There are 2 protein chains.
Amino acid sequence: MIKVVILGAGNVATHFFKAFKKAENVEVIQVYNRSEASLEVFKSNTQTTSDLAQLKNADVFLVCVKDDAIDPLISKLSQLSNLDGIVAHSSGSVPLSASAKRNAVFYPLQTFSKQTEVNFKEIPICIETSAAEDFPVLKQLAHSISEKVFEISSEQRKKLHLAAVFACNFSNYMYSIAEDLCNQNEVPFEVLSALIKETAQKATLNSPKSVQTGPAKRNDQATIKQHLAQLNNADYKEIYKLLTQSIIQQDGKKL
Amino acid sequence: MIKVVILGAGNVATHFFKAFKKAENVEVIQVYNRSEASLEVFKSNTQTTSDLAQLKNADVFLVCVKDDAIDPLISKLSQLSNLDGIVAHSSGSVPLSASAKRNAVFYPLQTFSKQTEVNFKEIPICIETSAAEDFPVLKQLAHSISEKVFEISSEQRKKLHLAAVFACNFSNYMYSIAEDLCNQNEVPFEVLSALIKETAQKATLNSPKSVQTGPAKRNDQATIKQHLAQLNNADYKEIYKLLTQSIIQQDGKKL
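First things first, this report covers the structure right here in the doc.

So, how was this worked out
- Residues numbered from 1 in each chain as written.
- Chains lettered and ligands numbered in written order.
- Predicted model: local features only at pLDDT ≥ 70, side-chain atom pairs only at ≥ 80, totals over all residues.
- Heavy atoms only, no water.
- Contact = heavy atoms within 4.5 Å.
- Buried area = accessible area lost by both parts, 1.4 Å probe.
- Salt bridge = Lys/Arg side-chain N within 4 Å of Asp/Glu carboxyl O.
- Polar contact = N/O pair within 3.5 Å; in protein donor to acceptor, adjacent residues only side chain to side chain.
- Helix = DSSP H or I, 4+ residues; strand = E, 2+ residues; numbered from the N terminus.
- Axes fitted to C-alpha atoms, helices over the stretch in contact; angles between N-to-C directions.
- Parallel < 35°, antiparallel > 145°, perpendicular 65-115°, else oblique.
- Left-handed = near helix turned anticlockwise from the far one by under 90°.
- Nonpolar A, V, L, I, M, F, W, Y, C, P; charged D, E, K, R; others polar.
- Least-squares fit on C-alpha atoms with pLDDT ≥ 70 in both.
- Buried < 20%, exposed > 50% of the residue type's maximum accessible area, 1.4 Å probe, protein only.
- Pairing = 2+ DSSP bridges.
- Right-handed = clockwise from strand over helix to strand, strands pointing away.
- Core = buried A, V, L, I, M, F, W, Y, C linked by side-chain atoms within 4.5 Å.
- Disulfide = S-S within 2.5 Å.

## Digging into the interface of chain A and chain B
Logical step 1: In this assembly, 88 residues from chain A lie in contact with 88 residues from chain B.
Logical step 2: In total, about 8500 Å² of surface goes out of reach between chain A and chain B, with carbon and sulfur atoms giving 65% of it.
Logical step 3: Summed over the shared surface of chain A and chain B, the result is zero salt bridges.
Logical step 4: For the pair chain A and chain B, the interface holds 23 residue pairs in polar contact (both at pLDDT 80 or more).
Logical step 5: Of all the secondary structure elements, the ones that give two or more residues to the side of chain A that touches chain B are α4 (154–184), α5 (193–205), α6 (215–218), α7 (221–230) and α8 (234–250) of chain A.
Logical step 6: A total of 25 residues in the side of chain A that touches chain B trace back to one element, the largest contributor, which is α4(A).

## Side note on the packing of helix α7 (residues 221–230) of chain B against helix α8 (residues 234–250) of chain B
Residue and element names in this part refer to chain B.
Logical step 1: At a minimum axis distance of 10 Å, the contact between α7 and α8 shows a crossing angle of 165°. Here α7 lies roughly antiparallel to α8, going by the angle between them. Every pair of crossing elements has a handedness; the one defined by α7 and α8 is right-handed. Together, Gln221, Thr223, Ile224, His227 and Leu228 of α7 and Lys237, Tyr240, Lys241, Thr244 and Ile248 of α8 make up the contact between the two elements.
Logical step 2: Each residue belonging to the contact of α7 with α8 can be placed in one class, and the counts come to four nonpolar, four polar and two charged.

## Describing the relation of the copies chain A and chain B
Logical step 1: Overlay of chain A on chain B (RMSD 0.0 Å): rotation 180°, translation along the axis 0.0 Å. Taken together, the rotation and translation relating the two chain copies correspond to the operation of a two-fold axis. Of the C-alpha atoms belonging to chain A, the one lying closest to the rotation axis is found on A:Ser171, 2.2 Å away.
Logical step 2: Both copies contact each other with a shared surface, as 100% of the interface residues of chain A are interface residues in chain B too.

## Topic: the packing of α4(A) against helix α5 (residues 193–205) of chain B
Logical step 1: Look at α4(A) against α5(B): their axes get within 10 Å of each other, and the N-to-C directions meet at 20°. Regarding the angle of α4(A) to α5(B), the classification is roughly parallel. In terms of crossing hand, the pair formed by α4(A) and α5(B) is right-handed. Residues A:Ala164, A:Ala167, A:Cys168, A:Ser171, A:Asn172 and A:Tyr175 of α4(A) pack against B:Leu195, B:Ile196, B:Thr199, B:Ala200 and B:Ala203 of α5(B).
Logical step 2: Its residues placed into classes, the contact of α4(A) with α5(B) shows eight nonpolar, three polar and no charged.

## Points about the pairing of strand β2 (residues 26–32) of chain A
Residues and elements named next belong to chain A.
Logical step 1: Of all seven residues in β2, six are buried, a share of seventy percent or more.
Logical step 2: As defined by bridge partners, strand β1 (residues 2–7) adjoins β2 across six bridges and the pair is classed as parallel. Directly across from Leu7, in β2, lies its bridge partner Tyr32.
Logical step 3: The parallel pair β1 and β2 is bridged by helix α1 (residues 11–22), and the resulting crossover is right-handed.
Logical step 4: Pairing of β2 with strand β3 (residues 47–49) involves three bridges; the strand directions are parallel.

## Description of the nonpolar core
Logical step 1: Ranked by internal contacts, the top residues of the largest apolar core, which has 82 residues, are A:Phe166, A:Met174, A:Leu192, B:Phe166, B:Met174 and B:Leu192.
Logical step 2: Apart from residues no more than four positions distant in its own chain, B:Met174 is found in contact with A:Phe166, A:Ala167, A:Phe170, A:Ser171, A:Met174, A:Leu243, B:Ile239 and B:Leu243.

## Thoughts on the sheet that holds strand β5 (residues 86–89) of chain B
All names here are of chain B.
Logical step 1: Within the open sheet, the eight strands sit side by side as β3-β2-β1-β4-β5-β6-β7-β8. Their pairing is mixed. Across the chains shown, the open sheet's two edge strands, defined by having one partner strand only, are β3 (47–49) and β8 (149–151). Here the average twist between neighbouring strands, direction ignored, is 25°.
Logical step 2: As paired strands, strand β1 (residues 2–7) and strand β4 (residues 60–63) are joined by four bridges and run parallel to one another. When the bridges of β4 are listed, Leu7 appears paired with Val63.
Logical step 3: Where helix α2 (residues 67–78) meets the sheet, its contacts fall on β1, β2 (26–32), β4 and β5, and the angle it forms with β4 comes to roughly 155°.
Logical step 4: Where helix α3 (residues 135–143) meets the sheet, its contacts fall on β1, β2, β4, β5, β6 (103–108), β7 (125–129) and β8, and the angle it forms with β7 comes to roughly 165°.

## Observations concerning the state of the cysteines
Logical step 1: Taken as a whole and judged by the stated rule, the model has zero disulfides over all chains.
Logical step 2: With no disulfide of its own, A:Cys182 lies closest to B:Cys126 among cysteine sulfurs, the gap being 10 Å.
Logical step 3: You can see B:Cys64 has no disulfide; the closest cysteine sulfur is in B:Cys126, sitting 15 Å from it.
Logical step 4: In this structure B:Cys64 comes out as buried when scored by relative accessible area, which is 8%.

Any functional reading would require information beyond the geometric quantities listed.
Right under this line is the structure:
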């Protein structure tokens, strides 16, 4: 049985908590959060605390707080002499901490929002540990909820996180602009659902570069001009221009 | 039985041809293409021609050629006095033609590439006809391959096509940049597959705006700076900056 204490009560903490609850051989013995109010949802299922001095010892302390709060929190943990477990944070962009004795990263490469259920089995978990002997424990913990576990160095993880911003956050923003354009023109956004899913599916089965389509890819200047004329939001116009130009240049053509 | 002549031999024409072949009550009696070479793949399944004078009469002439070739081709068709079927083009950005007597649009809102099979059932087909009495025929034709058929005006279609460029072409370009960043850093792009599919899935189940995540959404300047420092491709840097700025401004925050 791997005993886990989760620190944080946001989206990532909540999704981890739910997943570990279903897992065999893992027990979340406590959830810590600085503010008491956010702990309410956990109280019926495990012990909770907003006082670091009350933390129980565990095999793994899983730090799921905002990036800039990670190092200060880990520093505080390292001063608590009764705790000797692995201290793993779950961030894609923060390097291995130098504060704790047993540092680790346990980074789920996924986007979490409270209202959507996630299937952890398919979520890649990227692991890194400062001590080689800690790796098997985190690997076992990761495999208890996911089928896809990767050993990824801090340097690789930084690049992955950056790549994920494009693949996920920015692609979602493209959907969001599309939604806005539909709403403005009383076209149901639902008409685009199949297209959005197919595009994502296709990109994961092929190299996205090889399946690029659209006016920019065809260097279809008539359509590009028509589209720009239709966009009255200055941001959207700039974005359309820049992405179109970049796609065209990638193909070695000039605007 | 609806008799169809397909004009064109590119991706859209090929996918329509395959879908109609499986459909009941539809027969593709001929495929026309200006260049003879591209007709080879159709020859074992239907009659083909590269000579407009040899076109057979049909219920529907489905024009699947490049946008700027649509009007010239429809003009030529309208001069052939032996043809009296509906002339429907399949473009998202070209308005109803004024050349033919019975004009229509039969626009599949999907991205097609030769190497990927598509499931037409889920592809929305947007229909518009100049004559009300032609609508039922095209509706029947659309329903023979798809469960999602919409009546969309030329004006709405223009906006939809523009929205689709963001939702599909530009989101694919975001995947493509992510792939490039992975390759540059010897990280398997496969690690991002679950994220890409989940992001698309989530956007179609919710409003994409409501599920936006990432450093820009959090206005996390430390991560944003770190990411910009990591990007050495000038295009990618510009794109990161512009999209980040736009997401932040949408939230009413200032950089």
